[in-house]
Amino acid sequence: MKGDELPATSEVYRGVRFIQRSSPWGNVFIVMKNLPFVSLVLVLLGSTLLFGCASKPSDRISANRATYDAWPADVQSKVAAGEIAVGFTEAQVRMAMGDPSRVLTRTGKDGTQTVWDYAESKPGFSIGLGVGGGGGSTRVGGGVGVGTGGRRELVSRVVFSEGVVDSIETSGTQ
């Protein structure tokens, strides 16, 4: 077999199983490679989508119990609910909302502020089709992809001045 030629019958070639089937358009090859690995990847991707990657406030509180217990009761209740308020410290915001998606520094006439953006990933979906030819043969391929990082949508922005929350911006319908 030379170069990239496909096998004439069903066989394994370079670790890929080619299964030949007849169709109205000629012979069609079904390509199967490393199915156990693909199955594992699909299970892990499904689990990630189902259970999510982000931690919950309760997980962050458990990991930082002594710090949480030192805060006033009103701060504790907001943090436990995943909420924040003007006047919160960076540590309180991080425990309530988790790590920011992006951190910016804003400099203006009133000084420097730190801005934390929180964004949600929205699934992306794509379809592809490719056609190639050469050496007297034509090949067609296609695929469908679903990803978790298709686009990111800003959910909230927290602005800190001198280490405490100065303002909170949220997006969405109320």
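Computed from a predicted model, the values in this text were never measured in an experiment. (Residues numbered from 1 in each chain as written. Predicted model: local features only at pLDDT ≥ 70, side-chain atom pairs only at ≥ 80, totals over all residues. Heavy atoms only, no water.)

A.B. asks: Is there a simple way to explain the nonpolar core in this structure?
C.D. replies: Most often, soluble globular proteins have nonpolar side chains that are buried together. With 16 residues, the main nonpolar core has Val79, Phe88, Val93 and Val158 as its most contacted residues. Contributions of two or more residues to this core are made by α4 (73-80), α5 (90-97), β5 (111-134) and β6 (137-161). The leading source of residues in this core is α5, at three residues. (Core = buried A, V, L, I, M, F, W, Y, C linked by side-chain atoms within 4.5 Å. Buried < 20%, exposed > 50% of the residue type's maximum accessible area, 1.4 Å probe, protein only. Helix = DSSP H or I, 4+ residues; strand = E, 2+ residues; numbered from the N terminus.)

A.B. asks: Before we go on, may I ask you to explain the environment of Val103 in this structure?
C.D. replies: When you line up the elements, Val103 lands in strand β4 (residues 102-108). In sequence terms Val103 and Arg157 are 54 residues apart; their C-alpha atoms lie 9.7 Å from each other. Not counting residues up to four positions away in its chain, the partners in contact with Val103 are Thr114, Val115 and Trp116. (Contact = heavy atoms within 4.5 Å.)

A.B. asks: What exactly am I supposed to notice about the environment of Ser62 here?
C.D. replies: Tracing the backbone shows Ser62 in helix α2 (residues 57-63). Ser62 gets classed as exposed once you look at its relative accessible area, which sits at 52%.

A.B. asks: Hey, could you run me through the pattern of salt bridges in this one?
C.D. replies: Side-chain pairing between opposite charges can occur once the charged atoms of the two side chains come close. Taken as a whole and assessed by the stated rule, the structure comprises five salt bridges. Residue Arg157 is joined to Asp117 by a salt bridge in which the shortest nitrogen-to-oxygen separation is 2.6 Å. Taken as a pair, Arg157 in strand β6 and Asp117 in strand β5 lie far apart in primary sequence, 40 residues in all. No difference in accessibility class separates Arg157 from Asp117, as the two residues are buried. Within the structure, one salt-bridge network assembled from shared partners comprises Arg102, Asp117 and Arg157. (Salt bridge = Lys/Arg side-chain N within 4 Å of Asp/Glu carboxyl O.)

A.B. asks: Hey, could you run me through α5 in this one?
C.D. replies: Note: α-helices contain 3.6 residues per turn, so residues at a spacing of three or four share the same orientation. Those residues of α5 that fall on the buried side of the exposure criterion are Gln92, Val93, Met95 and Ala96. Each buried residue of α5 sits inside an arc of 165° when the element is viewed along its axis, so together they form one side. Looking at the residues trailing α5, positive phi occurs at Gly98, about 90°. (Arc of directions from axis to C-beta.)

A.B. asks: Got a minute to help me understand unusual backbone geometry in this structure?
C.D. replies: Keep in mind that most residues, glycine aside, have a negative phi and that most peptide bonds are trans. In this structure, Glu162 is a non-glycine residue whose phi angle is positive, near 55°. Tracing the backbone shows Glu162 in the loop between β6 and β7 (164-170).

A.B. asks: Hey, could you run me through the confidence of the model for the protein in this one?
C.D. replies: Looking at the protein as a whole, its pLDDT mean stands at 75, while 51% of the residues score no less than 70. Within the model, the stretch residues 27-35 combines pLDDT values under 50 with 25 contacts to residues more than four positions away or in other chains. Taken as a whole, residues 47-52 scores under 50 in pLDDT and shows three contacts with residues more than four places along the chain or in a different chain. (pLDDT = per-residue confidence, 0-100.)

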